[in-house]
Amino acid sequence: MSKIADGLLYSESHEWVKMENGIATVGITDFAQKSMGNIVYVDMPEPDDEVSQNEEFGAVESVKAASDLYSPVSGVVTEVNEALDDEPGLLNKDAYANWIIKVKISEPAELETLMDAAAYTDFLAKEA
Amino acid sequence: MLPHTLIFLPRRPEMAFAYFPHTDEDVKKMLGKAGLSSMDGLYADVPEKFLFKGEFDLPDAMSETEVRREFERLASMNTRLKVFAGAGAYDHYSPAVVPYIFSRSEYLTAYTPYQAEVSQGTLRYIFEYQTMMSELTGMDCSNASMYDGPTSAAEASMMMLACTKRKSKVLLSETLLPQVIEVVETYAKYHGFALTVIPHVGGVSDKEGIIGRLAAGDVAGVIVPGINRFGIIEDLSGLAEAMHSSKALLTVYSDPSALAVLKSPGEWGADIACGEAQSLGIPLSFGGPYLGFLTCRQEFVRKLPGRIVGETTDTAGRRSYVLTLQAREQHIRREKATSNICSNQSLMALYVTVYLSLMGPEGMKDVNSLSYGGAHYLHRRLLETGRFEEAFDGKPFLKEFALRSLIPADRLQEELLKAGFFGALPLGDGIVTFCVTENRTKEEIDALTDVIASIGL
Amino acid sequence: MKYYDKLIFELSKTGRRGYTLPACKWEDGLDGIPENLKRNHAPELPEVSEPDTVRHYVNLSNMNFGVDTGFYPLGSCTMKYNPRINEEMASHPGFSGLHPLQPAETVRGAMELYRILSDALCAVTGMSAFTLNPFAGAHGELTGLMIMRQYHFSKGDTKRTKIIVPDSAHGTNPASAAVCGLEVVQVKSTANGTVDVNDLKPLLDDTVAGIMMTNPNTLGLFESEISEIADLVHAAGGLLYYDGANMNALLGKVRPGDMGFDIMHLNLHKTFSTPHGGGGPGAGPVGVAGFLREYLPYPSVGADVSGGYTWAKGSHTAGRISGFHGNFGVLIKAYAYILMLGRQNVKNAGPYAVLAANYIKESLKDCYKLPIGSVCKHEFVFDGLADAPEGVTTLDVAKRLLDYGFHAPTIYFPLLFHQSIMIEPTETESVETLDAFIEAMRKIAGEAAENPEILKSAPHNTPVSRPDETQAAVHPILKYRRQS
């Protein structure tokens, strides 16, 4: 069973969002990291890059797979998690403690389209 | 079909073929296991109308003796010439060991090294190859090789676009070899990127013209040659800085043999180096197989197309090698891959790895000194015949050079052919190029000069 | 096979030499080159003697598995025997010394070979013309798609920007399409593993350039509805591309040209026995139907009035895709093979390959999961062990096979199944070899049940055990660095 953290918002492409003061912290879910296997590289945007909801902003790679990352929100990247450059396996260790990017969001209404923990639990059950 | 025997000589259908080990008994046993009563059952799912029932328009099966005879026939229709031409294919010496190693069946008959545990031979020589090409080009990383020089330039163009998001244009210097420009033009047309060829100025790349194009902000990068189509060694100083200040990249298309003595793309500040490695002892072989190379600075390694080998350890801690960074590749990323290339010219990479091992830094210097000396001697002698003028006065060259011929270019080449020489490649406007490698002797050069001196103006 | 741990750089000692060259007789040294154009210091290349070099590369070769070493049932790769006469002909000095830009009248034999080989490929495929310039299968795909686009362009039809690719296709198909500027639209497979015609129909409109198909497909199944597919795609104004990766199944029996394909490529390193060389050089000639002849890339070999040959350029050519005219040395090998096959033996090539695949499939289907049971063509796919204990995967089976002296099959492809094992035996293996392989596969299935650990830690008898691929990818070491 994959872990699902309470209090976060989720996208159908398995990213999570944590909102604080208009800044969205974005990562991938435990389900996503498990289905990738050992993550060896995280392709991240640069600060000040613009991201749009449901559009690609990077990718995670394992030895035998690559998966694009889709932004759950629109806005401007304020920070990227540089620790992942050195140790991409952090996402395998704890997918919720290790974020990928922080975004100053421009369309707060978009948050309404994301799932809460309960809805994401149902979504995963249906996917399986 | 030319080698047809006009009368169809029936061979006994039951005659066994050397490559197919199937006896009647074997076939019966295998069909039985498959639950079939005849070979036709194997194609029962193919609509009847698609089963080929005619006679193939092919010659009768030959014995090895007959095959040799056919190749003798074809070879006798070719003329071997003393090569005084380059233009992307160079007649260099190669030690006898190289083809010996290259034809070992453990290398020859292996597939791409997916199963690392039984492919350490291939993986190690590719790792050595990557090290040598990185060193020659002054770059941080190399892939496991590309098809040929021109396609490596096409891949470098697409790589520059991928490394500089939101830019859409690539510049090429007109001093690149014509076949390089034409191949990149083809890729650009279908891949869908803008391409501008910047005309040369006095036989060298127009650096100011290139830099002038950067203001619009849409240029991903430029490809310029290290040694150009006229044989001139280009001075690329200042170009990398100008490109970088516009967030654009510099790719240098090089002759890796010459890089043993000339300033490397890395030293010019380039981001990517590509080119044709045939000059590292690979036989002329009518144009192939040759060897493209592609190397880059560390920060672009994830956009580098093609196979890449990396070092690691096995479960027992032994140093071992694997194909790595595969998530860039087509078998994983499909339409989002860095390129569609899914092979390399692996065996040719082995060829140049063994070549460079044997030649070493001294041998590479000797090859260049001998070529330089011969080329400059020929250059002098040709001017003395009074049949040529300098095309680009005083510009430095290594083994290949351009002159303006006062004899019509086609007549010049024809007279040389009659005497058994291949040289004076026409580049238009009366300009012809000659090339001398360490394989040409002084006697040959003198003989070539004498032929030309005897042609009336 | 024996582990050997040196790199050539580690044998280097200043002052050693592995070459001989005539003494320099020229007055000019390299001093004439302006200083600012010279390298700062000589490249760090090895300095080694000839005997040390020979031994090094022979030792390295001993860690390699090739077709000459043993059975290589690698699905989709057609690892058939590589005849030695091919190699002998390719090193013929009458070809190896030819400069690619020599005038046509001095290379008539080479041009004739190009022409005859093209004709022979037309004969076995039913196409009308071939270019031999593409360097590899993927390069052939790209060239074929360029021809397809150029055909639409030349009719002023610029809106055909989509290409249909089945979900079972090799990854190269969508990648080649993307490089060619086409948008990939995936068509689904039916439960039987072939293209779903009902899923295809709504995808066809005037934005579709064509469809890429592999027939038999990557599951080794013949696309029996190819007639209908061809009619549908043609009716919508698209062209049919045949990916020749699996042509070995049909060699001597079925011709792509007869099935309605307009453009195709062949892998000479698969179907026509030229060696794979550890990943190349191969050759990927592209054949076209008559109406596309003028769209082939240049240079091509044309005939002149006096019976000689000339370099030609089609009136609608897709462009230049190679520096010269392809991997000529590889073309020589394929031509030698075709002469050996001749019109008699070619008829058995495909059928024997198909027979071998079906024999293995039927001999192992009780211990490996067979998702699609019908008669296969030259290859087939198992979906892992029939009865896999917890944690034992296809990877473990593959690695254990290495211990038994066989190369592993292709694994985890096609993507339609999770534990794919794709087996392709080819027509050059004897029934005894196939039996030995079957026996090893059965033993492994038994071991999986009784002693799964021996699979999970396999291979045990190879020069190295499983390398740490994660470490290699997280911190890439891509070149040798001298220990300081």
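Values in this document were obtained by computation on a predicted structure and should not be read as measured data. (Residues numbered from 1 in each chain as written. Chains lettered and ligands numbered in written order. Predicted model: local features only at pLDDT ≥ 70, side-chain atom pairs only at ≥ 80, totals over all residues. Heavy atoms only, no water.)

**Let's talk about the side chain of S405 of chain B**
Residues and elements named next belong to chain B.
For step 1, the next point in the chain: Looking at where S405 falls in the secondary structure, it is placed in strand β12 (residues 400-405).
For step 2, the next point in the chain: A polar contact is formed between the side chain of S405 and the backbone oxygen of I407, at a distance of 2.6 Å.
For step 3, the next point in the chain: S405 has contacts with R387, F388, L412, G430 and V432, leaving out every residue within four places of it along the chain. (Helix = DSSP H or I, 4+ residues; strand = E, 2+ residues; numbered from the N terminus. Polar contact = N/O pair within 3.5 Å; in protein donor to acceptor, adjacent residues only side chain to side chain. Contact = heavy atoms within 4.5 Å.)

**Thoughts on the domain arrangement of chain C**
For step 1, the next point in the chain: Its domain assignment divides chain C into domain 1 (8-61), domain 2 (85-340) and domain 3 (346-470).
For step 2, the next point in the chain: Between the C-alpha centres of domain 1 of chain C and domain 3 of chain C the distance comes to 46 Å. (Domains from an automatic or database assignment.)

**Focus: empty space enclosed by the protein**
All names here are of chain B.
For step 1, the next point in the chain: Overall, the coordinates contain 6 cavities of 30 Å³ or more when judged by the stated rule.
For step 2, the next point in the chain: Its boundaries defined by the atoms lining it, the largest cavity holds a volume of some 190 Å³.
For step 3, the next point in the chain: The wall of the largest cavity is formed by 15 residues, among which Y90, L177, I227, Y253 and D255 lie closest to the centre.
For step 4, the next point in the chain: Split into classes, the residues belonging to the lining of the largest cavity amount to 6 nonpolar, 4 polar and 5 charged.
For step 5, the next point in the chain: Lining the second largest cavity are 13 residues, with G226, I227, L259, L262 and K263 sitting closest to its centre.
For step 6, the next point in the chain: Of the residues that constitute the lining of the second largest cavity, the class distribution is 8 nonpolar, 2 polar and 3 charged. (1 Å grid on protein atoms, 1.4 Å probe; cavity = no way out; pocket = protein on both sides within 12 Å on 5 of 7 lines; lining within 4 Å. Points joined across faces, edges and corners; volume = space filled by probe spheres on them. Nonpolar A, V, L, I, M, F, W, Y, C, P; charged D, E, K, R; others polar.)

**Considering the interface of chain B and chain A**
For step 1, the next point in the chain: Taken together, the 7 residues of chain B in the interface contact 13 residues of chain A.
For step 2, the next point in the chain: Both sides of the chain B and chain A interface together cover about 800 Å² of buried area, and 39% of this is carbon and sulfur.
For step 3, the next point in the chain: Its largest share of buried area at the contact with chain A, chain B owes to R302, R333 and K336 of chain B, together 52% of the area lost on that side.
For step 4, the next point in the chain: At the junction of chain B with chain A, the criterion picks out 1 salt bridge.
For step 5, the next point in the chain: Residue R302 of chain B is joined to E61 of chain A by a salt bridge in which the shortest nitrogen-to-oxygen separation is 3.5 Å.
For step 6, the next point in the chain: Counting the contacts that link chain B with chain A gives 0 residue pairs in polar contact (both at pLDDT 80 or more).
For step 7, the next point in the chain: For the side of chain B that touches chain A, the class distribution of residues is 2 nonpolar, 1 polar and 4 charged. (Buried area = accessible area lost by both parts, 1.4 Å probe. Salt bridge = Lys/Arg side-chain N within 4 Å of Asp/Glu carboxyl O.)

**Brief notes about the interface of chain C and chain B**
For step 1, the next point in the chain: Contacts between chain C and chain B engage 210 residues on the former and 195 residues on the latter.
For step 2, the next point in the chain: Overall, the association of chain C and chain B removes approximately 17600 Å² of surface from exposure, summing both partners, and the carbon and sulfur fraction of that is 63%.
For step 3, the next point in the chain: The largest contributions to the chain C side of the interface with chain B come from W26, R343 and L478 of chain C, which together make up 5% of the buried area.
For step 4, the next point in the chain: Put simply, chain C and chain B have 15 salt bridges between them.
For step 5, the next point in the chain: A salt bridge links K29 of chain B to D435 of chain C; the nearest nitrogen and oxygen atoms lie 2.8 Å apart.
For step 6, the next point in the chain: Inspection of the region where chain C meets chain B yields 102 residue pairs in polar contact (both at pLDDT 80 or more).

**Quick notes on unusual backbone geometry**
Outside of glycine, negative phi angles account for most residues, and trans bonds account for most peptide bonds.
For step 1, the next point in the chain: The step from G288 of chain B to P289 of chain B runs through a cis peptide bond, and the omega angle for that step is 0 degrees.
For step 2, the next point in the chain: Its place among the elements puts P289 of chain B in the loop between β7 (272-276) and β8 (292-296).
For step 3, the next point in the chain: In this structure, the amide linkage connecting N215 of chain C to the following residue, P216 of chain C, adopts the cis form with an omega of 0 degrees.
For step 4, the next point in the chain: Turning to its location among the elements, P216 of chain C is positioned in the loop between β4 (208-213) and α8 (226-235).
For step 5, the next point in the chain: Of note in the backbone geometry, K247 of chain B takes a positive phi value of approximately 55 degrees without being a glycine.
For step 6, the next point in the chain: Topologically, K247 of chain B is positioned in the loop between α9 (239-245) and β6 (249-254).

**Topic: the pairing of strand β3 (residues 23-28) of chain A**
All names here are of chain A.
For step 1, the next point in the chain: Burial runs high along β3: 5 of the 6 residues are buried.
For step 2, the next point in the chain: The sheet contact formed by strand β2 (residues 15-20) and β3 spans 6 bridges and is antiparallel. In the strand pairing of β3, M19 is matched with A24.
For step 3, the next point in the chain: The hairpin formed by β2 and β3 contains 2 residues between the paired strands, and N21 there has a positive phi angle of roughly 50 degrees. (Buried < 20%, exposed > 50% of the residue type's maximum accessible area, 1.4 Å probe, protein only. Pairing = 2+ DSSP bridges.)

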